[in-house]
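An overview of the molecular structure
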Amino acid sequence: MRHDETTPVWTPSARATAEAAITEFARFAGGRGGPPSDAPYEQMWRWSVQDTAGFWSAVAEFCELAWETRPDAVTDGAPMPQTRWFPGGRLNYAAQVFRTPRTGPAVVGHDETGISRALSWTELEEQVAGLAATLEGLGVRAGDRVAGYLPDCPEAIVAFLAAASLGAIWAGCGTDLAGDAARARLAQLDPTCLIAAAGHHHRGRWVDRTPDVLALREGLPNLCATVLVGEGHARAGASVEWVRAVSSPAGRRRSSPVPVPAEHPLWVLFTSGTTGPPKGIVHSHAGVVIEHLKTLSLHLDVGPGDQFFWYTTLNWMLWNLRVGGLLRGATVHCFDGAPTARALWEVAERGRITHLGVSPGYLSASRDAGLHPAAGFDLAALRMVGCTGSVLTAPLHRWAAAELGPQVLIGSTTGGTDVVSGFAGSAATVPIRAGEVAVRCLGVDLHAWSADRESLTDEVGELVLTAPMPSMPVGFWGDLDGSRYRAAYFEQFPGVWRHGDWVTVTRRCSVIVHGRSDATLNRHGIRMGSADICQAAEDLPEVGEALVVGIEEPDGGYWMPIFVTLTGGRRLDDDLAAAIRAAVRDRVSPRHVPDEVIQAPGIPHTPTGKKLEVPVKNILRGLTAAVRKDAVDRPELLEFYREAGARRHRMRDRGNEGTSP
């Protein structure tokens, strides 16, 4: 069935439309130069990308952005990537969170046994103030880096807000990453302070990370101190226990967050490191605050009193976006554990979750486990399910819609760590069709472009942004001249952001995502580069070289094989394949263990020695015309990878025989 012939799987009710924040914003903006309040969404979108100053000023006023010093303008008028947002303005992320006194729970922590602990708004503010005073006493100042190695728990949110309140720069890694992978990221920042947990829960067992914490501390030579969360840590060096760190005497507590310039760094998020060490992406206070206020209020319809949970780890930008629920006065829920088929529905039930975020992989696991979420769990409070991390296929979308019913909006979203937000998503006033992302987000000038810079409709093209967003990076960490930043996004289309996704913008202005156009791995909804995985395999003496790729498959599956060459004439056997998988599991992440280990006659490279990850991915997908033999050091290897892809296609087709679409 063609996408333009599908009927919606969700249609907004009159009541949902009337009560949605985006409807209130439309009335608000209509009196400030925006389109009429009853204008269709697409007209509001066009205004939002054409009148940058008018739209973002309206968002700031509507969402009550708490400026300490108002900016001179919305932007300085410079083109991408030189655009400066809110010049002259001063604010602080933490000040926005605590600008209004609130009652009730602010943060609720869950683990695999139930609710572990909850913090009221008062307790959250007190702990943030106490930890900020402790960090300040340890010598942390504005611009210093505070690193976290933590599971998804309330302590991680307290740590981030305390760092932000001082004007320090936050960077977090989840304890699901092994210590080597965490050090590859955090050591780049030369942090002043490390906040680290003893471990995390995973499938009913406790994963001890205390050896990793000790090794990480040794790999960060300029640490002034470490704040230790949980029991069992080695107490070597300057360290402070968490309970004492957040209980700083009232006389030592910082009274209010430090106002910082609008472009002052807020945090560093790490890219997946496709061809080398993960790159640190630096985002600003003002850009993040206003972008997250827009996304959470106008697209996700999150507001005061809502219960907001999106499954994530600290390695994924969804953690940062979910923390933003505090900016809207919502209660934010965390989960320290494995996302088994029942686990996240159980969190939604006991937390009375109104907004649940999951990956397509999780929905698929729930379906394959025979679960019926609405029948098997009390989800009466649930209004919205957000889905991102990979492509939400039409059959899976229809299954979820049928299971959860017409009162639950199931909205697919596409975005990126790069802008720590979404490019396209849902809106409570727009119907949703299976397999599609309903709308281009307000303020996001998204198009599908051909190689000739032609904007395409109903055709596959490169996802590009032709106007800046507030949350675009301030830059990459250590990229003093901006050359790496420009090369990452602006090399193919100068002056235009190329993201690296294949998309279709339909005639209805919805978006269909076809997968990555670069080599980034995206397994289980968590993006990861190949460098960490290949290094873990290549450190085994039997492995000469490794190449790992991720393939989005038509049925919604994701195939991630690792190809290896072996030393000394060795042949791959079950024991060596298991050792390679174990190396990836232990040194990188259990979520990124390859689906297959395949012995290859060689790894193809460019003439300058770079592994041909993207061409090999295209060959495995059947897009063989994209590879030029004169750009390959050993073109004879390409036939091996063509056959590997064809073999996978045959296996998948045999597996689908006898099944209905």
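Presented here is an overview of the structure given in this document. Each chain has its residues counted from 1, running along the sequence as written. In view of the model being predicted, local features appear only for residues whose pLDDT reaches at least 70, and side-chain atom pairs are presented and counted only at 80 or more, with totals across whole chains, interfaces and linings using the full set of residues. Note: side-chain values were computed over all heavy atoms of the structure, leaving out hydrogens and water.

**Let's talk about the overall build of the protein chain**
Selection criterion: Numbering of helices and strands runs from the N terminus, with a helix taken as a DSSP run of H or I at least four residues long and a strand as a DSSP run of E at least two residues long. With C-alpha atoms as the basis for the radius of gyration, the globule rule is written as 2.2 Å multiplied by the number of residues raised to the power 0.38. Under the scheme applied here, a residue whose accessible area is under 20% of the maximum for its type counts as buried, over 50% as exposed, and between as partly exposed, the area being computed with a 1.4 Å probe on protein chains only. Contacts are residue-level and defined by heavy atoms, with any inter-residue pair within 4.5 Å sufficient. Computed with the Shrake-Rupley method and a 1.4 Å probe, the accessible areas treat only the protein chains shown as cover for residues.
A tally of regular secondary structure across the protein chain gives 21 helices and 36 strands. For the protein chain, whose C-alpha radius of gyration is 24 Å, the value lies close to the compact-globule estimate of 26 Å for 661 residues. For the protein chain, the spread of C-alpha atoms along the principal axes amounts to about 70 × 65 × 55 Å. Within the span of the protein chain, comprising 661 residues, buried residues form 60% of the whole. Sequence-distant contacts in the protein chain: of pairs separated by 6 or more residues, those separated by 24 or more amount to 69%. Within the structure as shown, the protein chain displays about 24800 Å² of accessible surface, and the carbon and sulfur contribution to it stands at 50%.

**Some words on the packing of helix α2 (residues 21–30) against helix α3 (residues 41–50)**
Definition in use: To obtain an axis, a line is fitted to C-alpha atoms, over the contacting stretch when the element is a helix, and the angle between two such axes runs from 0 to 180 degrees between their N-to-C directions. Just so you know how the angles are binned, under 35 degrees is roughly parallel, over 145 roughly antiparallel, 65 to 115 roughly perpendicular, and the rest oblique. Whether a crossing is left-handed or right-handed is set by the direction in which the near helix is turned from the far one by less than a right angle, anticlockwise for left-handed and clockwise for right-handed. Basically, the charged four are Asp, Glu, Lys and Arg, the nonpolar ten are Ala, Val, Leu, Ile, Met, Phe, Trp, Tyr, Cys and Pro, and anything else, Gly included, counts as polar.
Contact geometry for α2 and α3: axes closest at 12 Å, N-to-C directions at 60°. Taken together, the axis directions place α2 and α3 in an arrangement best described as oblique. The crossing of α2 and α3 is left-handed. Listed contacts from α3 to Ile22, Phe25, Ala26 and Ala29 of α2 are Tyr41, Met44 and Trp47. Its residues assigned to classes, the contact of α2 with α3 shows seven nonpolar, no polar and no charged.

**Comments concerning the pairing of strand β3 (residues 105–111)**
Selection criterion: Only when DSSP finds a minimum of two bridges between them are two strands counted as paired.
With six of seven residues buried, β3 is to be regarded as a mostly interior element. Relative to strand β4 (residues 114–120), β3 runs antiparallel, the two being bridged by six bridges. Residue pairing across strands places Asp111 opposite Gly114, the latter belonging to β4. Between β3 and the antiparallel strand that follows it, β4, lie two residues.

**Side note on the sheet that holds strand β21 (residues 421–425)**
With antiparallel pairing, the three strands of this open sheet are ordered in space as β20-β21-β23. On the outer flanks of this sheet lie β20 (414–416) and β23 (439–440), each paired with one strand and no other. Bridging between β20 and β21 involves three bridges; their strand directions are antiparallel. Bridge assignment links Thr414 to a residue of β21, and that residue is Ala424.

**A few points about the pattern of salt bridges**
Where charged atoms from two side chains of opposite charge come close, those side chains can pair. As a reminder, the rule being used: Salt bridge, as used here, is a side-chain nitrogen of Lys or Arg placed within 4 Å of a carboxyl oxygen of Asp or Glu.
Within this structure, the stated rule accounts for 29 salt bridges. The salt bridge partner of Arg183 is Asp180, with a shortest N-O separation of 3.1 Å. Residue Arg183 and its partner Asp180 are both found in helix α8 (residues 179–186); the two are separated by three residues, about one turn of the helix. Taking relative accessible area as the criterion, Arg183 reaches 27% and is therefore assigned partly exposed. The exposure class assigned to Asp180 is partly exposed, which follows from its relative accessible area of 35%. When the shortest N-O distance is used, the salt bridge between Arg367 and Asp368 registers 3.4 Å. Residues joined in a network through salt bridges with shared partners are Asp180, Arg183, Asp539 and Arg587.

**Re the sheet that holds strand β35 (residues 561–566)**
Pairing is mixed in the open sheet, where three strands are placed in the order β32-β35-β36. The open sheet is flanked by β32 (543–548) and β36 (596–599), the only strands paired with a single partner. Each strand of the sheet is rotated relative to its neighbour by a mean of 25°, with strand direction disregarded. Two strands pair when backbone bridges link them, and β32 and β35 are joined in this way by five bridges, in the antiparallel orientation. Note that in β35 the partner of Ala546 across the bridge is Val564. Against the sheet, helix α18 (residues 530–538) engages β32 and β35, with an angle of about 155° to β32. Set on the sheet, helix α19 (residues 574–587) makes contact with β32, β35 and β36; between it and β36 the angle comes to about 125°.

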